[in-house]
Amino acid sequence: MLKNLVIVESPAKAKTIEGFLGKDYTVASSYGHIRDLDKKNYGIDIENKFKPNYIIPDDKKNVVKELKKLAKQAEKVWLASDEDREGEAISWHLKEALGLKEDKIERIVFHEITKSAIKNAVEHPRKIDDNLVNAQQARRILDRLVGFELSPVLWKKVKPSLSAGRVQSVAVRLIVEREREIEAFKSKSQYRVVAEFEIIDCDGRKCSFKAELPKRFENEKDAKEFLEVCSNSEFKINSVEKKAVKKTPSAPFTTSTLQQEASRKLGYSVSRTMMVAQKLYEAGKISYMRTDSVNLSEDAIANAKSIIGSSFGEKYSQPRKYKTKSAGAQEAHEAIRPTYFENASVKGSKDEQALYELIWKRAIASQMSDADIERTTAKISISKSKEQFVAKGEVIKFDGFLKVYMESTDEENGNGDSSILPPLTEGQIVNYMNITATERFTRPSARYTEASLVKKLEELGIGRPSTYAPTISTIQKRGYVNKIEREGQKREYKVLSVSPDGKLVTETKTEITGADKGKLFPTDIAMLVNDFLVKNFPKIMDFKFTAHVEEELDEIAGGKLNWYEMLSEFYFPFHELVEHTTENSERVSGERILGTDPKTGHQVSVRMAKFGPVAQITDLKNEDAKPVYAALRATQKLTHVTLEEALELFKLPRVVGEFEGKEVVAAIGRFGPYLRHDSKFYSLNKNYDPYTIEIDEAIEVIEAKRQKDIDNTLKTFDEDPEYKVVIGRWRRPYLKAGKKNIPLDKDVDVEKLTFEKVKQMAEEYDPKSKKKK
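Quick notes on the rules
Residues numbered from 1 in each chain as written. Predicted model: local features only at pLDDT ≥ 70, side-chain atom pairs only at ≥ 80, totals over all residues. Heavy atoms only, no water. Helix = DSSP H or I, 4+ residues; strand = E, 2+ residues; numbered from the N terminus. Buried < 20%, exposed > 50% of the residue type's maximum accessible area, 1.4 Å probe, protein only. Contact = heavy atoms within 4.5 Å. Areas by Shrake-Rupley, 256 points an atom, 1.4 Å probe, with all protein chains shown as cover. Phe/Tyr/Trp six-rings, centres within 6.5 Å; stacked < 30°, edge-to-face > 60°. Lys NZ or Arg CZ within 6 Å of the ring centre and 35° of its normal. Axes fitted to C-alpha atoms, helices over the stretch in contact; angles between N-to-C directions. Parallel < 35°, antiparallel > 145°, perpendicular 65-115°, else oblique. Left-handed = near helix turned anticlockwise from the far one by under 90°. Nonpolar A, V, L, I, M, F, W, Y, C, P; charged D, E, K, R; others polar. Pairing = 2+ DSSP bridges. Core = buried A, V, L, I, M, F, W, Y, C linked by side-chain atoms within 4.5 Å. Patch = residues over 30% accessible without salt bridge, like charges linked within 9 Å, V, L, I, M, F, W, Y side chains within 5 Å. Salt bridge = Lys/Arg side-chain N within 4 Å of Asp/Glu carboxyl O. Lys, Arg positive; Asp, Glu negative; His and termini not counted. Charge placed at Lys NZ, Arg CZ, Asp CG, Glu CD. pLDDT = per-residue confidence, 0-100. Right-handed = clockwise from strand over helix to strand, strands pointing away.

Here's the deal with the overall build of the protein chain
Within the protein chain, the regular secondary structure consists of 19 helices and 30 strands. Along the first, second and third principal axes, the C-alpha atoms of the protein chain reach 95 × 85 × 60 Å. Burial status across the protein chain gives 47% buried among its 773 residues. Relative to all contacts within the protein chain whose residues are 6 or more apart in sequence, the contacts with residues 24 or more apart total 69%. Within the structure as shown, the protein chain displays about 41,300 Å² of accessible surface, and the carbon and sulfur contribution to it stands at 48%.

This is the structure in structure tokens:
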């Protein structure tokens, strides 16, 4: 008989906790959620106060069976899933699915996986918080209703297999609107003037410094005239102002700020950050990673103070308590921090070490002294002009928290104010070494990165710590958004310069502009779906409404709002709108008529088809004639394709050449570009363009695929070359029998397979069930 059964949601967490509890405790894992809404009838009894109908998925039935067995043997069951709403719901589902009685269970929560935290949780158990469970259920039901009702509308009106979601669609809207803002932006050129001056210091040494003109010139003529004035002018220090400023450390990380900073400093995607943070938490190295609180416990503050004092000195210590700005934040939770501040680094993977170091630095810096900085601003007058140059510099008098950590920003250019100025005095004459006027161009707002999108969602009050990463992953997986590295284009710009001899020189230089790395680009289908939803479901797509729903979920979690009343208020008007839109709205395809095909005289257009954006040639005079289609290239957009570009697409399929006496044909299919040779197909990766690939390159692709097939072939059969055993994508063996691909057991003895046996397997295989009979 078990004395105590502790159930957590992950095996890694179970392993760590087991080390802290004695022999009287058995720790088991539920492997996440064990129940979900049934897909029949939405899994919701709408007329019965939105009562959810939960089922145990097939892949969790064995887990539940094992947990039931252990729970039956145990005197007490401790539900130790995470402390947020999702974790509370997991505990409730365990109680329901395992049939646990109230007097047999205890709910325990902890912000970190340490021996003291686990011991404290066991000493102070509580009951399952129904309000938190209701908030999670309300979110799940609401998202199911929106997704299951909106998606079929998109299938009928836009394109099959599309999906919509309460938060994901709003996130896509942000990206679409930013893209349109960028497309509509008209760049203007201005001339930025920078002078390099020289002085002789008190030791007789030459010192140089730079100063900038605050004014921008709109054209080359005005900039040139100003430089000509400067070439005959005297320059004098008009004023020197020194100002002492303090720089304060940022608060410790929340989920959102960790995702943003890991993106800026480490280049991690949002999902990668959360995956690594989860591992660190489950290994007992950091506190819980899904939080919107910047609060630190008294013990953590005291621990940090001790480490700062011993490592850097008492003058670097300044204990602080931060206040969370978010109204829905739970102050009982803590910010993300190391469990032990004395560990400045940890063992683990490279990713784990890097993220832990970032968390440690941010948390320890938050408890350190302000940095004392002296900022100097010098204004330099021009004898023959009213304009003044301004030189800025700063000196760190006391580094404080900067000794450990400096926060990054999303700005692509630095402010250039961190240089050190030489000693300057009012009235001092300075000589210019060079003055340049460089043509610069105004830029639109930057496209969103994953991190900046998280920041925007948080600012708008959309989503919560547990939803940012799944939302961003979902919109990419479903083809609404692509994360692209786009090469820039060359652009010419002018540089005017004047030297001390008064000679004015004009140069034309080139730069790369428009390069984007890791930015989020909306696809054509995102544009169409967004416009359709904004037009027909403005409330769902409204930022304020989505934020209001989050506030209502917070109220449910706080016991201030009835969850089914909230759902009722939302659902019934929404359902009526869905029915109205299904009946009355027009189908959208984004069709654009581009012109006429000069060869045939037929109409050329582009539109969204079943499998993606296509160009189409249509004979309008013959109703029986079928249109000719060609898929748009990955870099082309429905809204930008020209007639000439569309006509280029119809050059496929094209004969590349001959190999082994048979034609090699390049084309684009449903799954991308490919080659066809001798009735076999060979995929082309991004290094090859089907429009330009040469026969030598095509032969390389064909031979490389053949060699790969040979390397992956485990056994062939002389009786029929169509039968062979090969290694599949996931390194698992399968039987290839003509067009049938039959999965085999991982530990199958390939050598013992006879032709008679594999032939029988092929005959009995049911491809619909994907199982061997």
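Remarks on the packing of aromatic side chains
Using the criterion set out here, one finds 23 aromatic pairs in the structure. Ring plane angle 85° and centroid distance 5.9 Å describe the contact between phenylalanine 50 and tyrosine 571, whose orientation is recorded as edge-to-face. One end of the pair, phenylalanine 50, is in the loop between β4 (44-45) and β5 (51-52); the other, tyrosine 571, is in helix α16 (residues 563-584), with 521 residues separating them in the sequence. For the residue pair phenylalanine 50 and tyrosine 571, the accessibility class agrees, reading buried in each case. With a centroid separation of 6.2 Å and 55° between ring planes, the pair formed by phenylalanine 226 and phenylalanine 389 is classed as tilted. Residue phenylalanine 226 is located in helix α7 (residues 220-231), and its partner phenylalanine 389 is located in strand β13 (residues 385-398); the two are separated by 163 residues in the primary sequence. In this pair, the class of phenylalanine 226 matches that of phenylalanine 389, namely buried. Taken together, Phe197, Phe209, Phe217, Phe226, Phe235, Phe389 and Tyr432 form an aromatic cluster joined through their ring pairs. Lying across the ring of phenylalanine 543, arginine 173 places its NZ or CZ 4.8 Å from the centre.

As for the packing of helix α9 (residues 270-282) against helix α13 (residues 468-477)
Between α9 and α13, the least distance of the axes is 8 Å, while the angle of their chain directions is 140°. By the angle class used here, α9 and α13 are oblique. Here the hand of the crossing between α9 and α13 comes out left-handed. Within the contact between the two elements, α9 uses Val270, Ser271 and Met274 and α13 uses Tyr468, Ala469, Ile472 and Ser473. Looking at side-chain class alone, the contact of α9 with α13 contains five nonpolar, two polar and no charged residues.

Things to note about the pairing of strand β28 (residues 723-727)
Burial runs high along β28: four of the five residues are buried. As paired strands, strand β27 (residues 713-716) and β28 are joined by three bridges and run antiparallel to one another. Within β28, the position partnered with threonine 713 by the bridge is valine 726. Across five bridges, the pairing between β28 and strand β29 (residues 733-737) is antiparallel. Looking at the pairing, isoleucine 727 lines up with proline 733 of β29. The loop that links β28 with its antiparallel partner β29 comprises five residues; one of these, arginine 731, has a positive phi angle of about 65°.

What about the sheet that holds strand β8 (residues 105-107)?
Within a sheet, neighbouring strands are paired by backbone hydrogen bonds and run either parallel or antiparallel to one another. Within the open sheet, the four strands sit side by side as β2-β1-β7-β8. Their pairing is parallel. Strands with a single pairing partner mark the edges of an open sheet, and in this sheet they are β2 (25-29) and β8. On average, each strand axis in the sheet is tilted by 25° relative to the strand beside it, whichever way the strands run. Two elements, strand β7 (residues 74-79) and β8, share three bridges in a ladder whose sense is parallel. Directly across from tryptophan 78, in β8, lies its bridge partner glutamate 106. Across the sheet, helix α3 (residues 85-97) touches β1 (2-8), β7 and β8, and the angle it forms with β8 is around 175°.

Considerations on the nonpolar core
One finds Phe110, Leu154, Ile286, Leu355, Leu453, Tyr480 and Leu533 to be the most contacted residues of the largest nonpolar core, which totals 130 residues. The greatest single-element share of this core, amounting to 10 residues, is contributed by helix α5 (residues 130-157). Residues in contact with leucine 453, not counting those within four places in the same chain, are Ala171, Leu174, Ile175, Tyr448, Ile472, Ile475 and Leu520. One finds Phe197, Ile199, Ala211 and Ala223 within the second-largest nonpolar core, a separate group that totals 29 residues.

Some thoughts on a negative patch on the surface
A surface patch of like charges, here negative, comprises Glu694, Asp696, Glu697, Glu700 and Glu703. Within the secondary structure, glutamate 697 is located in helix α18 (residues 695-711).

Quick look at the confidence of the model for the protein chain
With 97% of its residues at a pLDDT of 70 or more, the protein chain shows a mean pLDDT of 91. Here residues 412-417 is modelled with pLDDT under 50, and outside its nearest four sequence neighbours on either side it reaches seven contacts, counting other chains as well.

Let's talk about the pairing of β7
Alignment of β1 against β7, held across five bridges, turns out to be parallel. Bridging across to β7, leucine 5 finds its partner in valine 77. With respect to chirality, the unit in which β7 leads through α3 into the neighbouring parallel β8 is right-handed.

Let's talk about the sheet that holds β27
Pairing within the open sheet is antiparallel, and its four strands lie in the order β27-β28-β29-β30. Every other strand in the sheet has two partners, leaving β27 and β30 (740-743) as the edge strands with one partner each. Neighbouring strand axes in the sheet, compared pairwise and without regard to direction, differ in orientation by 25° on average. Its contacts with the sheet place helix α19 (residues 755-764) against β28, β29 and β30, and it is angled at close to 85° to β28.

Describing the packing of α5 against helix α15 (residues 543-557)
Two elements in contact, α5 and α15, have axes separated by 7 Å at closest approach and are oriented at 150°. By the angle between their axes, α5 is roughly antiparallel relative to α15. Taking contact as the criterion, the partners of Asn131, Leu132, Asn134, Ala135, Ala138, Arg139 and Leu142 in α5 are, on α15, Val549, Glu550, Leu553, Ile556 and Ala557. A breakdown of the residues in the contact of α5 with α15 according to their chemical character gives eight nonpolar, two polar and two charged.

Here's the deal with the pattern of salt bridges
A complete count under the given rule lists 47 salt bridges for this structure. A salt bridge links lysine 61 to aspartate 58, with the nearest nitrogen and oxygen atoms 3.1 Å apart. The class for lysine 61 is partly exposed, based on a relative accessible area of 45%. Residue aspartate 58 is classed as exposed on the basis of its relative accessible area, which comes to 64%. Lysine 483 is paired through a salt bridge with glutamate 450; the nearest N and O atoms lie 3.2 Å apart. You can see lysine 483 sitting in strand β15 (residues 481-486) and its partner glutamate 450 sitting in helix α12 (residues 450-460), a full 33 residues away along the chain. Each member of the salt-bridge network shares a partner with another, and the members are Glu9, Lys13, Asp82, Asp84 and Arg290.

Remarks on the side chain of glutamine 367
With respect to the element layout, glutamine 367 can be found in the loop between α11 (350-365) and β12 (371-382). Beyond its immediate sequence surroundings of up to four residues, glutamine 367 is in contact with Leu296, Ile301, Ala304, Ile308, Tyr316, Ser317, Gln318, Pro319, Arg320 and Tyr322.

Some words on unusual backbone geometry
For the peptide bond that leads from leucine 652 to proline 653, omega is -5°, which places it in the cis range. Tracing the backbone through its elements, the reader meets proline 653 in the loop between α17 (643-649) and β23 (654-659). The phi dihedral of glutamate 660 falls on the positive side, at around 55°, and the residue is not glycine. By the element assignment, glutamate 660 lies in the loop between β23 and β24 (662-669).

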